[in-house]
Amino acid sequence: MSASFDPQVSLLKDALRYAEEYLLNIDERPVFPTEGALDALGAFDEPLPSGSTEAAETLALLHRVGGPASVAQVSGRYFGFVNGGALPVGVAARVLADVWDQNSAHYVMSPVAAQLEAVCERWLSELLGFPEGTAAGFVTGTTLANLSGLATGRNELLRRQGWDVVEAGLYGAPPVPVVVGADTHATVRKSLALLGMGDAHMHVVPVDDQGRVRIDRFPALGVPALVVAQAGNVNSGAFDPVGALCDRAHRDGGWVHVDGAFGLWAAAVPSLRHLADGIDRADSWAVSAHKTLNVPYDCGILMCRDRAALESAFRASAAYFQWSDHRDPMRYTPSMSKRARSVELWAVLKTLGRDGVVELVEQLCAHARAFAEQLQEHGFRIHNDVVFNQVLVSCNDDSETERTLAEIQTIGSCWCGGSTWKGRPVIRVSVCSWSTTPDDIRHAVTSFCAARDRARTPD
Ligand SMILES: *Cc1c(COP(=O)(O)O)cnc(C)c1O
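The model shown is predicted, which means the values in this text are computed figures rather than measured ones. (Residues numbered from 1 in each chain as written. Predicted model: local features only at pLDDT ≥ 70, side-chain atom pairs only at ≥ 80, totals over all residues. Heavy atoms only, no water.)

**Q** So what about the overall build of the protein chain? Which residues, and what values?
**A** Within the protein chain, the regular secondary structure consists of 13 helices and eleven strands. Relative to a compact globule of 459 residues, whose C-alpha radius of gyration would be 23 Å, the protein chain shows 23 Å and is just as compact. Dimensions of the protein chain, computed from C-alpha atoms along their principal axes, come out at roughly 70 × 65 × 45 Å. Put simply, the protein chain has 459 residues, and 50% of those count as buried. Across the protein chain, contacts joining residues at least 24 apart in sequence account for 74% of those joining residues at least 6 apart. Across the protein chain, the centroid of the 40 positively charged side chains sits 5 Å from that of the 54 negatively charged ones. (Helix = DSSP H or I, 4+ residues; strand = E, 2+ residues; numbered from the N terminus. Rg over C-alpha atoms; globule rule 2.2 N^0.38 Å. Buried < 20%, exposed > 50% of the residue type's maximum accessible area, 1.4 Å probe, protein only. Contact = heavy atoms within 4.5 Å. Lys, Arg positive; Asp, Glu negative; His and termini not counted. Charge placed at Lys NZ, Arg CZ, Asp CG, Glu CD.)

Spelled out as structure tokens, the structure:
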């Protein structure tokens, strides 16, 4: 007989009760924790206990002190960063998978995780209109997916010149030019830095007023380059002309990697597909399923047209490894041990189906447009074409914009962050949760107006 799991079942029941209390009260609390809730975090600040604590007591403390100090990201009025909500079936599937505690490095560690990865890989290709047989690796987010795609692209471009990076390293390798847009995401630069291809070797292409790469300014390199396109500018939501970038890069034998952290799903939506025209011609794609698709954190995906190139970049061997004739998930990622992310991704895709994904993405975009229209009616300025889920907002002058943002965050009935757009401060709205309703948008607009009134009132 193995140990009794009765205590675990009892704790899970406690967790479920706490979850219920949390979710049912989410609209009663401010989106960002109160000062009181933040001060109460001091309760965690104790010396490492030498003795043990009842597990139920530990969980109760977490609920009592931790819950109120969490950001109410699951509410429909969280518009910060590009943080997606979590669809109910994804959360529930994740809880089940957490109970299973699967390690999905090898098939023999978790046949179910491996099978669901294989299914998600195929479904994603179909959904996004990518070439049949496109490979997918499941990682933590787009940061790791960018790193993985860029490593694969670089290694493949060098392999075609007779250079095996895994064997020979990079010292003495022929240089691989890198081309990015001026608005490329910070994680692309970070990935390139980690890959030993820092800023100094980067061709930075100017962008237009929406942050899209200007194809007319693409450098004439005449040699194979690693080209990064963006499907969804992190501020404006704008899409680079991906198809045209592919044509330019491929003419010289280059590799195109698409950072589609939140925008890649446009490829799955007939009414938005034009934004990503030609995206199926790219070589690798990165996306965060925890953003627009509303899979629970964390869930990133790297997709790659050339399965052999991806497997080659991540090849590793040890006597104790157990390769199988099935899918061995670690072949496609930098990680070995990893949790079974495919479970909740599969659960979301299975539940939504193609129509449900289309509906979810279209709903986020419609809410963003409504948000922008209502703000404009109240005299706010909108700085971007609202083509996806992002809205950039300002008031009459920079200082009023900054003070209004601070007041929005203080009032707490919704939450947005800020950014800089063309050198000026903006309030940055991202509609990224299934749980947002038209009512939430109206409430948020009311809060924007109240915040601006406060900002205009002299102290
Ligand atoms: C969010 C984002 C990333 C980073 O994704 P993570 O999931 O946070 O790792 C990269 N690129 C763009 C355009 C993003 O919006």
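**Q** Any chance you could break down the site of the ligand for me, citing the residues and the numbers?
**A** With respect to spatial proximity, 13 residues lie near the ligand, and among them Thr143, Asp259, Ser288, His290 and Lys291 are the closest. In the model, an oxygen atom of the ligand is placed 3.2 Å from a nitrogen or oxygen of the Thr142 main chain. In the model, an oxygen atom of the ligand is placed 2.6 Å from a nitrogen or oxygen of the Thr143 side chain. Counted by class, the shell around the ligand contains three nonpolar, eight polar and two charged residues. (Near = heavy atom within 4 Å. Polar contact = N/O pair within 3.5 Å; in protein donor to acceptor, adjacent residues only side chain to side chain. Nonpolar A, V, L, I, M, F, W, Y, C, P; charged D, E, K, R; others polar.)

**Q** Break down the sheet that holds strand β2 (residues 178-181) for me, citing the residues and quoting the values.
**A** Strand order in the open sheet formed by seven strands is β1-β7-β6-β5-β4-β2-β3, and the pairing between neighbours is mixed. Because the sheet does not close on itself, it has two edges, and the strands there are β1 (135-139) and β3 (202-205). Here the average twist between neighbouring strands, direction ignored, is 20 degrees. Alignment of strand β5 (residues 255-259) against strand β6 (residues 284-288), held across three bridges, turns out to be parallel. Looking across to β6, one finds that Asp259 is bridged to Ala286. In this fold helix α6 (residues 142-159) packs onto β1, β4 (226-230), β5, β6 and β7 (300-304), with an angle of close to 180 degrees to the strand it touches most, β5. Strand contacts of helix α9 (residues 242-251): β4 and β5, with the helix running at about 155 degrees to β5, the strand carrying the most contacts. (Pairing = 2+ DSSP bridges. Axes fitted to C-alpha atoms, helices over the stretch in contact; angles between N-to-C directions.)

**Q** Tell me about the nonpolar core, and name the residues and values.
**A** With 79 residues, the main nonpolar core has Val258, Ile279, Leu345, Phe371 and Phe448 as its most contacted residues. When sequence neighbours within four positions are dropped, the list of residues in contact with Val258 reads Ala229, Ala231, Val242, Leu264, Ile279, Ala282, Ser284, Trp285 and Ala286. Of all hydrophobic cores here, the second largest spans 28 residues; its members include Val165, Val180, Leu195 and Cys304. (Core = buried A, V, L, I, M, F, W, Y, C linked by side-chain atoms within 4.5 Å.)

**Q** Give me the packing of α6 against helix α8 (residues 186-194): which residues, what numbers.
**A** Viewed as axis vectors pointing N to C, α6 and α8 meet at an angle of 50 degrees, and their least axial separation amounts to 9 Å. By the angle between their directions, the pair α6 and α8 is classed as oblique. The handedness of the crossing between α6 and α8 is right-handed. Counted together, Thr143, Asn146, Leu147 and Leu150 of α6 and Thr187, Val188, Ser191, Leu192 and Leu194 of α8 form the full contact between these two elements. Class assignment for the residues of the contact of α6 with α8 results in five nonpolar, four polar and no charged. (Parallel < 35°, antiparallel > 145°, perpendicular 65-115°, else oblique. Left-handed = near helix turned anticlockwise from the far one by under 90°.)

**Q** Which residues make up the packing of helix α5 (residues 111-128) against helix α11 (residues 341-377), and what are the values?
**A** Contact geometry for α5 and α11: axes closest at 9 Å, N-to-C directions at 30 degrees. As far as their axial angle goes, α11 and α5 are roughly parallel. Considering the relative orientation of α5 and α11, their crossing is left-handed. Between α5 and α11, the residues in contact are Ala113, Leu116, Glu117, Val119, Cys120, Trp123, Leu124, Glu126 and Leu127 and Ser342, Val343, Leu345, Trp346, Leu349, Lys350, Arg354 and Val357, respectively. Its residues placed into classes, the contact of α5 with α11 shows twelve nonpolar, one polar and four charged.

**Q** Which residues make up the sheet that holds strand β9 (residues 390-394), and what are the values?
**A** Strands belonging to one sheet form pairs held by backbone hydrogen bonds; the direction of such a pair is parallel or antiparallel. Taken together, four strands build an open sheet; the order of strands is β8-β9-β11-β10 and the sheet is antiparallel. In the strand order of this sheet, the two ends are held by β8 (381-382) and β10 (417-421), each with one partner. Relative to strand β11 (residues 424-430), β10 runs antiparallel, the two sharing five bridges. Bridged to Thr420 within β11 is Pro425.

**Q** So, the packing of aromatic side chains: which residues are in play, and what are the values?
**A** Under the definition given, this model contains eleven aromatic pairs. On the numbers, 4.0 Å between centres and 15 degrees between planes, the contact of Phe130 with Trp285 is stacked. Taken as a pair, Phe130 in the loop between α5 and β1 and Trp285 in strand β6 lie far apart in primary sequence, 155 residues in all. In this structure, Phe130 and Trp285 share a single accessibility class: buried. Above the ring of Trp323, the side-chain terminus of Arg331 is found at 4.3 Å from the ring centroid. A cation over an aromatic ring shows up here: Arg452 above the ring of Phe380, its NZ or CZ 4.0 Å from the ring centre. (Phe/Tyr/Trp six-rings, centres within 6.5 Å; stacked < 30°, edge-to-face > 60°. Lys NZ or Arg CZ within 6 Å of the ring centre and 35° of its normal.)

**Q** Describe the pattern of salt bridges, naming the residues involved and giving the relevant values.
**A** The final tally for this structure, using the stated rule, is 23 salt bridges. Salt-bridge contacts for Glu126 lead to Arg122; the nearest nitrogen and oxygen are separated by 3.7 Å. On the criterion of helical spacing, the pair formed by Glu126 and Arg122 is a turn pair, its members being four residues apart in helix α5. Residue class for Arg122 comes out partly exposed when judged on its relative accessible area of 48%. With its nearest N and O atoms 2.8 Å apart, the salt bridge here joins Asp439 to Arg442. Within this pair, Asp439 and its partner Arg442 are both found in helix α13 (residues 438-456), separated by three residues, close to a single helical turn. The class of Arg442 is partly exposed, set by a relative accessible area of 44%. (Salt bridge = Lys/Arg side-chain N within 4 Å of Asp/Glu carboxyl O.)

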